[in-house]
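Each chain, letter by letter, is given below.
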Amino acid sequence: MMIALSEGGKLQQVASEAIEILAVDVPSPSIIQGFLETLPERAFGLGVRVLFAIVCFLIGVQLIKLIRRIIKRSMKRASAEVGVMQFVDSFVKAALYVVMIFFLASYFGVDAASIVALLGSAGVAIGLAVQGSLSNLAGGVLILLLKPFVVGDYIVESATGKEGTVKEIQIFYTKLITPDNKTIVLPNGNLANTSIVNVTAAQNRRVDVIVSISYSADLKKAKEVLLQVLEEDPAVRKDKEMIVFVDELAASGVNLGVRCWFDNEDYWTGKWRVTENCKLALDQAGIEIPFNQLDVHLREKAEKK
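Residues numbered from 1 in each chain as written. Predicted model: local features only at pLDDT ≥ 70, side-chain atom pairs only at ≥ 80, totals over all residues. Heavy atoms only, no water.

Chemist: What am I meant to see in the overall build of the protein chain here?
Modeler: Counting its regular elements, the protein chain contains nine helices and eight strands. When each of the 305 residues of the protein chain is scored for burial, the buried share is 26%. Restricting to contacts in the protein chain with at least 6 residues of sequence separation, those with at least 24 account for 62%. Of the accessible surface of the protein chain, which amounts to about 21100 Å², a share of 62% is contributed by carbon and sulfur atoms. (Helix = DSSP H or I, 4+ residues; strand = E, 2+ residues; numbered from the N terminus. Buried < 20%, exposed > 50% of the residue type's maximum accessible area, 1.4 Å probe, protein only. Contact = heavy atoms within 4.5 Å. Areas by Shrake-Rupley, 256 points an atom, 1.4 Å probe, with all protein chains shown as cover.)

Listed below in structure tokens is the structure:
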């Protein structure tokens, strides 16, 4: 009889423990009802916060644009270079957007100190991931400090042979415009670590045009005719060297070099015009421009005995 009672007590104890567990794990109807009653209020509050964040973002975008305009006007009044203005503008834009994102994150309850600590702990991984971008950023700073070229210069990058007129110098990249109006984007890191030919760094450029005349032509007369072409051209710099010289005694004729100087903006049109006028002047003077010639000597074989 005592055994039966003890077993019944154990069963009652197990049942009571199960009821306690269920009472803990299963929320009471009052809790669920309270959550449902407060749900619309919470959803409304979250919606208001999201709407406020969107409004703050739009206002922040306009403020960033205003700050950028103020900085641009200040740098223009200070007569800063175009490349420096473009670099500073892109840097300020990126920095202000980062600040705005931190502000919005803190508004939603994200601790800014926690974000900074997280970024600091992940600094090595981030540094490895963006080392190319950091190299381009450092290259942009070096370009602005050392000034191997500025906006408006025509440059040739030796590593890949890309060339064009510098249009923009941004934080990470430099944009070139080719003569046929194509845009080339070059990383600043590559430009800072390779040799660059700045074609328009000086105000003037020299032009050498090679003209060939026949060996039977009057050499002195040909030189006088070509020199007159240079003297009559309106864009040739008269204060610079103008000379016609014998460049080579070639197989088919005598190659004369026609050398003069143009301003950068007149270089290509002046070179084409001088080349054309040299041909017309030699034709008018009756001086022959020879074709390629080849002398063929035939030897007659002796008759076999």
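Next comes the rest of the write-up.
Chemist: Could you clarify how one ought to interpret the sheet that holds strand β6 (residues 204–213) in this entry?
Modeler: One key point about sheets: their strands pair by backbone hydrogen bonds, in either a parallel or an antiparallel sense. With antiparallel pairing, the three strands of this open sheet are ordered in space as β6-β8-β7. Looking at the sheet topology across the chains shown, the edges are occupied by β6 and β7 (243–249). Strand-to-strand twist in this sheet, taken as the mean axis angle between neighbours without regard to direction, amounts to 30 degrees. Sheet topology note: the β7/strand β8 (residues 254–263) ladder contains six bridges and is antiparallel. Among the inter-strand pairings, Ile243 is bridged to a residue of β8, identified as Arg259. Each of β6, β7 and β8 is contacted by helix α8 (residues 219–232), which is oriented at about 15 degrees to β8, the strand it contacts most. Lying on the sheet, helix α9 (residues 267–284) is in contact with β6 and β8; it crosses β6 at an angle near 25 degrees. (Pairing = 2+ DSSP bridges. Axes fitted to C-alpha atoms, helices over the stretch in contact; angles between N-to-C directions.)

Chemist: Just to check I follow, could you spell out the pattern of salt bridges for this structure?
Modeler: Any two side chains of opposite charge can pair if their charged atoms end up close together. A complete count under the given rule lists nine salt bridges for this structure. The partner of Asp89 in a salt bridge is Lys72, and the shortest N-O contact between them spans 3.9 Å. Taken as a pair, Asp89 in helix α3 (residues 82–107) and Lys72 in helix α2 (residues 29–77) lie far apart in primary sequence, 17 residues in all. Classification of Lys72 by relative accessible area gives partly exposed; the value is 33%. Across the pair Arg237 and Asp239 runs a salt bridge, and its minimum N-O distance is 2.7 Å. We classify Asp239 as exposed; its relative accessible area is 55%. (Salt bridge = Lys/Arg side-chain N within 4 Å of Asp/Glu carboxyl O.)

Chemist: When you look at the packing of aromatic side chains in this model, what are you seeing that I'm missing?
Modeler: Aromatic ring pairs are reported here in terms of the distance separating the ring centres and the angle at which the planes meet. For the structure on display, the rule yields two aromatic pairs. Ring centres of Tyr267 and Trp268 lie 5.0 Å apart, and the angle between their planes is 85 degrees; on these two criteria the pair is classed as edge-to-face. The partly exposed category is assigned to Trp268, whose relative accessible area is 47%. A ring pair is formed by Trp268 and Trp272, whose centres lie 6.0 Å apart and whose planes are at 35 degrees; its orientation type is tilted. You can see Trp268 and its partner Trp272 sitting in helix α9, four residues apart, about one turn around the helix. By the ring-pair criterion, three or more aromatic residues cluster together here, those being Tyr267, Trp268 and Trp272. Here the guanidinium or amino end of Lys240 rests over the ring plane of Trp261, the centre of that ring lying 5.5 Å away. (Phe/Tyr/Trp six-rings, centres within 6.5 Å; stacked < 30°, edge-to-face > 60°. Lys NZ or Arg CZ within 6 Å of the ring centre and 35° of its normal.)

Chemist: Even after reading the chapter, I still don't get the environment of Val225, so can you show me in this structure?
Modeler: The topology assignment puts Val225 in helix α8. Since its relative accessible area comes to 15%, Val225 is described here as buried. Note: C-alpha distance between Val225 and Leu282 (57 residues apart in sequence) is 7.0 Å.

Chemist: How should the pairing of strand β3 (residues 173–177) be read in this particular structure?
Modeler: If a strand is regular, its side chains alternate between the two faces of the sheet. As judged from the four bridges shared by strand β2 (residues 163–169) and β3, these two strands associate in the antiparallel manner. The partner of Thr165 across the bridge, within β3, is Ile177. The antiparallel pairing of β2 with β3 creates a hairpin that spans three residues between the two strands. Pairing between β3 and strand β4 (residues 183–187): five bridges, direction antiparallel. Pairing of Tyr173 across the sheet is with Pro187, part of β4.

Chemist: Which parts of the structure should I look at to understand a nonpolar patch on the surface?
Modeler: Together, Leu51, Val55, Ile59, Leu63, Leu66 and Ile70 give the surface a local cluster of nonpolar side chains, amounting to about 530 Å² of exposed area. Look at Ile70 and you get partly exposed, because its relative accessible area is 45%. (Patch = residues over 30% accessible without salt bridge, like charges linked within 9 Å, V, L, I, M, F, W, Y side chains within 5 Å.)

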